[in-house]
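Chain residues, written in single-letter form:
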Amino acid sequence: MQVYKVGGAVRDRLLGLPVTDIDRVVVGATTEEMLAQGFRPVGADFPVFLHPKTGEEYALARTERKSGRGYGGFTFYASPDVTLEEDLIRRDLTINAMAEDDQQNLTDPYHGQRDLEARILRHVSPAFAEDPLRVLRVARFAARYAGLGFTVAPETLELMRELSESGELQALTAERSWKEISRALLEDQPQVFIEVLRDCGALKVLMPEVDALFGVPQPEAHHPEIDTGLHTLSVLQQAALHKQPLTVRWACLLHDLGKGLTPQEEWPRHIAHEHTGLKLIKAVNERFKAPKDCQELALLVGQYHTHGHRALELKASTLLELLQSFDVYRRPQRFEEFIAACEMDARGRKGLEQRSYPQADYLRGAATAARGVAVQPLLEQGFKGPALGEALKRERLKVLKAYKDAASA
Ligand code: CTP
């Protein structure tokens, strides 16, 4: 049997990037031979094994054919007579369809190296269409390698468009989609992910609520970029530049969804978009079964981001309500993430990327002040149950009034 490194490991080594996980393909072996050598089988679906010592993945060379809709609908054929070239041709992109042996001899029948040099993400063959998840994968690779100058080949974008229009994307499970979406959002240029999905018509299918933001104007005084879709992309870009975690990036993507519902006669104003957007944010959250912390933050940022921007003008009582809504006493980190999302929203505007955001420290200070109210003295005064809650609120309000006065003095 011959063993080759394939996929991302070869691609990233040739790009001079660190290689994290290594996939290997085994040509000329049977399942029985692998088991006899101590390899452990993974799952029941594909002939994939883990190395007995390193735990790395070894897959038998296989051909695949789609036999139905969705991810379940695959038949594959693995046998010692499947060649390396046959295994490589079923892969998604030419740059992912190269193999190398132990001596780093490259097998590159579909010109992956040429496309690496030309900075092109190009599909290998029509077999690309057999897994609709690849639409998201290509967009994710575009986001990852945009900084190196990679773009999607026009013919690949066309194929992605056909896949998007075919209804195949709907067959993807929430789990598989979310895995791609979350990884893409954590790339250096997550906005490129959204742009590519939009360019091939997949955004309209996957997140019509985000797609609807393009072409919706905002007041130029606050939003020199005007277009709400472009603003959203910039906010996402700022979130990546500032190394924000996934929760914040997800919230950034969804924060303005309500603007897509504003009646045209109200443009460019978006009165109460914070509220109208909530049901859309909820729908997107649920569609992809986003993790609870992402869901929660997106809803809170959607509802309160304009409070964040107006922090310095908020009445002490409104400030208190904001802090209460975030349960800032038990969930300080979540409030920090809210502040970060607001700041990214403020900076994700054309020409305003470097602006200062004094609201951030002001909100932090308010949270610290409110958190400083001690419970013990109130307990000693005999407060308990709901009355204790009310007494705490009164004390916190006092402290916030003083905080506000001191800040404006
Ligand atoms: N692959 C594919 N189609 C998919 C998933 C994977 O063709 N839907 C192939 C590609 O050749 C890919 C390889 O399987 O390179 C390994 O897949 P995976 O580990 O998911 O991706 P990597 O390319 O290694 O990329 P990453 O760095 O994102 O892990």
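Residues numbered from 1 in each chain as written. Predicted model: local features only at pLDDT ≥ 70, side-chain atom pairs only at ≥ 80, totals over all residues. Heavy atoms only, no water.

**Digging into the domain arrangement of the protein**
Then comes step 1: Structurally, the protein comprises domain 1 (1–114), domain 2 (245–371) and domain 3 (373–409).
Then comes step 2: Between the C-alpha centres of domain 2 and domain 3 there is a distance of 25 Å.
Then comes step 3: Facing 18 residues of domain 2, the contacting portion of domain 3 comprises 10 residues.
Then comes step 4: Carbon and sulfur atoms make up 67% of the area that domain 2 and domain 3 hide from each other, which totals about 1,100 Å².
Then comes step 5: The largest per-residue losses of area from domain 2 upon contact with domain 3 belong to Ala316, Leu320 and Tyr362, which jointly make up 39% of the total buried on that side.
Then comes step 6: The interface formed by domain 2 and domain 3 contains 0 salt bridges.
Then comes step 7: Linking domain 2 with domain 3 are 7 residue pairs in polar contact (both at pLDDT 80 or more), by the criterion used here.
Then comes step 8: Among the secondary structure elements, those contributing two or more residues to the side of domain 2 that touches domain 3 are α16 (316–325) and α18 (358–371).
Then comes step 9: Per-element accounting of the side of domain 2 that touches domain 3 gives the leading share, 7 residues, to α18.
Then comes step 10: Of the residues contributing to the side of domain 2 that touches domain 3, the split by class is 11 nonpolar, 3 polar and 4 charged. (Domains from an automatic or database assignment. Contact = heavy atoms within 4.5 Å. Buried area = accessible area lost by both parts, 1.4 Å probe. Salt bridge = Lys/Arg side-chain N within 4 Å of Asp/Glu carboxyl O. Polar contact = N/O pair within 3.5 Å; in protein donor to acceptor, adjacent residues only side chain to side chain. Helix = DSSP H or I, 4+ residues; strand = E, 2+ residues; numbered from the N terminus. Nonpolar A, V, L, I, M, F, W, Y, C, P; charged D, E, K, R; others polar.)

**Some details on the sheet that holds strand β2 (residues 23–27)**
By way of backbone hydrogen bonds, the strands of a sheet pair with one another, either parallel or antiparallel.
Then comes step 1: Reading across from one edge, β3-β4-β5-β2-β1-β8-β9 is the order of the 7 strands in this open sheet, with mixed pairing throughout. A strand with exactly one partner marks an edge of an open sheet, and here the two such strands are β3 (40–42) and β9 (106–107). (Pairing = 2+ DSSP bridges.)

**Regarding the site of the ligand**
Then comes step 1: Near the ligand there are 14 residues, and of these Arg11, Asp92, Arg140, Arg144 and Arg183 occur at the shortest range.
Then comes step 2: At 2.7 Å, a backbone N or O of Asp92 approaches an oxygen atom of the ligand.
Then comes step 3: Asn96 is positioned with one of its backbone polar atoms (N or O) 2.9 Å from an oxygen atom of the ligand.
Then comes step 4: Those elements that place two or more of their residues in the shell around the ligand are α1 (8–14) and α5 (133–145).
Then comes step 5: Element by element, the count of residues in the shell around the ligand is highest for α5, at 5 residues.
Then comes step 6: Among the residues forming the shell around the ligand, the class breakdown is 1 nonpolar, 3 polar and 10 charged. (Near = heavy atom within 4 Å.)

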